[in-house]
Amino acid sequence: MERQLLGLRGFLIDAPAFGALRSKRRGALIIENSRIVEVGDFDDLRRSERARGLEWIDHGAAAIFPGLIDCHTHLPQYPAVARGESELLPWLRENIFPVERDFTGPKAREQAPQFFHELARHGTTTAMVYSAIYEDSCDVGFEAAKASGLRVILGKVMMDVGSYGTLQPRKVVSVSLLESERLCRKWHGAEDGRLEYAFSPRFAVTCSEKLMRGAAEMATRFNAYLQTHLAENKEEIEKVHHLFMGARDYTHVYEKCGLLTPKTVLGHCIHLNSREIAAIAAAQSNIAHCPTSNFFLGSGLMKLDQLMKAGINIGLGSDVAAGPELNMWQVMRAAIDVQKARANYEPNLRPLRPNEALHLATQGGAKALGKADKIGSLDPGKEADLVIVDLASIAPYSKDRQSLDDLSPDDVVALCVYRGGPHATVQTYVRGQRVYERG
Ligand SMILES: [Zn+2]
């Protein structure tokens, strides 16, 4: 393989541990093929042996972050963002199932590439995604993910209760499992591991025990991911109590079916009791916190401190279309706002800081996806998933270079969290390959 070298200059900022920011103002990194091989001050690196003959990419006043990680989003739902004013269950029936029902054939082929382009434009380099219930909706999604260059974990939504599909109910379980298995065999580990499969029973309200058990067994068999939703909304939880009378609580339903594994990512987890939190921690399952979605549907305020204290890995998710944007900076901001809102009636609550939110959207998300050794920070040896942010696009007075030089790393992160977005993304890289460039 031909050796490809790439040098990038900028204000390097990452958050390898919760609460700790690391930075190099006049920094640089060298990427060899897909990996970061050197990180340091530009003045040192340019003199290094590796940098001989290297052409440096320099975007001026720009910050280089690890690529953003979206641990929970829905490919077919994007056209329905900001639609509806009800809570979870009626919102799904009225606004989401109709959009997912149409996500097949030419429409899916037209929308899927745009969706992944949007992710890259927002600086997201890794995403864990649900498609619709159809095999082709997921297959087309993988084709688009493959072409996009992004790191994607995707799965076909499985549901056999109250589904929008047209299959005879008694056939749904076997067909859904068969199609999921076929997709997993085709895509899990494709593109040298850039694409992976997630068995995706939607949630206990729309899944029988038989379906959930089948999904869990297959995920174990293929060492694939599992993703589902848990304890998002109070009406949902009531419904699960009635549907599964023998279960101690909502989490117990998933435990009994074998769905709690170290490769499981549970969306939301807002209304959990202490037994449930302990069970998730014991199973080493992971949580995708989706604060923009929780605000939009009025689902509740995540008890982030309790879940972290239990030692559960937590990443952030846009949860489009309940979350109105794919913009992970906005998701970080909302994560901070959730804890601020809680602090109004829990006065001793510790706030979530911008650098901690950045951790959740990078290294924290990587950990939740079992990829902490590959992505999430700017360390030599990691795969080069990066986003370059133009600081002039987020500063109040954009042309004042001097004022940008005065910004501390925490200032830069706060500006990104409160004002970042696709307008400020200069370039996005996955494995050292450019997957987006601002025109
Ligand atoms: Zn969701």
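Here's the deal with the overall build of the protein
Now for step 1: A tally of helices and strands in the protein yields 16 helices and 16 strands.
Now for step 2: Taken against the 2.2 N^0.38 rule, which gives 22 Å for 439 residues, the C-alpha radius of gyration of the protein at 21 Å falls within 12% of a compact globule.
Now for step 3: Counting only C-alpha atoms and orienting by the principal axes, one finds that the protein spans roughly 65 × 55 × 35 Å.
Now for step 4: Burial status across the protein gives 54% buried among its 439 residues.
Now for step 5: For the protein, long-range pairs separated by at least 24 residues make up 73% of all intrachain contacts whose partners lie at least 6 apart in sequence.

Considering the sheet that holds strand β1 (residues 5–17)
Now for step 1: Pairing is mixed in the open sheet, where seven strands are placed in the order β3-β2-β1-β4-β14-β15-β16. With one partner strand each, in any of the chains shown, β3 (35–41) and β16 (433–437) form the two edges of the open sheet. Averaged over all pairs of adjacent strands, the angle between their axes in this sheet comes to 35°, without regard to strand direction.
Now for step 2: Alignment of strand β15 (residues 425–430) against β16, held across four bridges, turns out to be antiparallel. Note on β16: the bridge partner recorded for Y429 is R434.

A word on the packing of helix α5 (residues 169–187) against helix α7 (residues 209–222)
Now for step 1: In the contact formed by α5 and α7, the axes pass within 10 Å of each other and the chain directions differ by 20°. It follows that α5 is roughly parallel to α7 by the angle criterion. At the point where α5 passes α7, the crossing takes the right-handed sense. In this structure, α5 uses V173, S176, L177, S180, E181 and C184 to contact α7, whose residues at the interface are K210, L211, G214, M218 and F222.

Details of unusual backbone geometry
Now for step 1: With an omega dihedral of 15°, the bond running from V320 to A321 counts as a cis peptide bond.
Now for step 2: With respect to the helices and strands, the residue A321 is situated in the loop between β13 (314–316) and α13 (328–343).
Now for step 3: Phi angles above zero are rare outside glycine, and E191 is one such case at about 55°.
Now for step 4: Even without a glycine there, the phi angle at R431 is positive, about 50°.
Now for step 5: Relative to the helices and strands, R431 resides in the loop between β15 and β16.

A closer look at the environment of P98
Now for step 1: Locating P98 in the fold gives a position in helix α2 (residues 88–101).
Now for step 2: For P98, a count of 11 C-beta atoms within 10 Å corresponds to the exposed category.
Now for step 3: A C-alpha to C-alpha distance of 7.8 Å links P98 and Y164, two positions 66 residues apart in sequence.

Structural notes on the pairing of strand β2 (residues 20–32)
Now for step 1: Of the strand pairs in this sheet, β1 and β2 are connected by 10 bridges, and their pairing is antiparallel. Bridge pairing links L12 to K24 in β2.
Now for step 2: In textbook terms, the turn of a hairpin is the stretch between consecutive antiparallel strands, and for β1 and β2 this stretch comprises two residues, one of which, G19, has a positive phi near 95°.

A word on the packing of α13 against helix α16 (residues 409–419)
Now for step 1: In contact at an axis separation of 7 Å, α13 and α16 are set at 100° when each is read in the N-to-C sense. It follows that α13 is roughly perpendicular to α16 by the angle criterion. Two secondary-structure elements touch here, α13 through W329, M332 and R333 and α16 through C416, V417 and Y418.

Describing the domain arrangement of the protein
Now for step 1: Partitioning the protein into structural domains gives domain 1 (5–66 + 376–437) and domain 2 (68–368).
Now for step 2: One C-alpha centre belongs to domain 1, the other to domain 2, and the line joining them spans 30 Å.
Now for step 3: Between domain 1 and domain 2, the residue contacts involve 27 residues of the former and 27 residues of the latter.
Now for step 4: Elements supplying a minimum of two residues to the side of domain 1 that touches domain 2: β1, α16, β15 and β16.

A few points about the environment of L211
Now for step 1: Its place among the elements puts L211 in helix α7.
Now for step 2: Sequence separation between L211 and D160 is 51 residues, and the spatial gap between their C-alpha atoms is 7.4 Å.
Now for step 3: Those residues in contact with L211 that lie beyond four places of it in its chain are M158, D160, V173, S176 and P201.

Re helix α10 (residues 274–282)
Now for step 1: Within the span of α10, buried status applies to E276, I277, A279 and I280. One side of α10 carries all its buried residues, which in axial view fall inside an arc of 160°. Relative to its buried face, α10 has exposed residues pointing more than 90 degrees away, namely S274 and R275.
Now for step 2: Looking at the packing, one finds that the buried side of α10 touches α9 (250–257), β11 (264–268) and α12 (304–309).
Now for step 3: Immediately downstream of α10, the backbone of Q284 shows phi near 55°, a positive value.

Considering the confidence of the model for the protein
Now for step 1: Overall, the predicted model of the protein reaches an average pLDDT of 96, with 98% of residues at or above 70.
Now for step 2: Per-element confidence in the protein ranges from a low mean pLDDT of 72 for helix α15 (residues 401–405) to a high of 99 for strand β5 (residues 68–74).

Quick look at the pairing of β3
Now for step 1: One ladder, built from six bridges, connects β2 with β3; its direction is antiparallel. Bridge assignment links E32 to a residue of β3, and that residue is R35.
Now for step 2: Here β2 folds back onto β3, and the loop between the two strands holds two residues, one of which, N33, carries a positive phi near 55°.

The rules we used
- Residues numbered from 1 in each chain as written.
- Predicted model: local features only at pLDDT ≥ 70, side-chain atom pairs only at ≥ 80, totals over all residues.
- Helix = DSSP H or I, 4+ residues; strand = E, 2+ residues; numbered from the N terminus.
- Rg over C-alpha atoms; globule rule 2.2 N^0.38 Å.
- Buried ≥ 20, exposed ≤ 12 C-beta atoms within 10 Å, placed from the backbone.
- Contact = placed C-beta atoms within 7 Å.
- Pairing = 2+ DSSP bridges.
- Axes fitted to C-alpha atoms, helices over the stretch in contact; angles between N-to-C directions.
- Parallel < 35°, antiparallel > 145°, perpendicular 65-115°, else oblique.
- Left-handed = near helix turned anticlockwise from the far one by under 90°.
- Domains from an automatic or database assignment.
- Arc of directions from axis to C-beta.
- pLDDT = per-residue confidence, 0-100.

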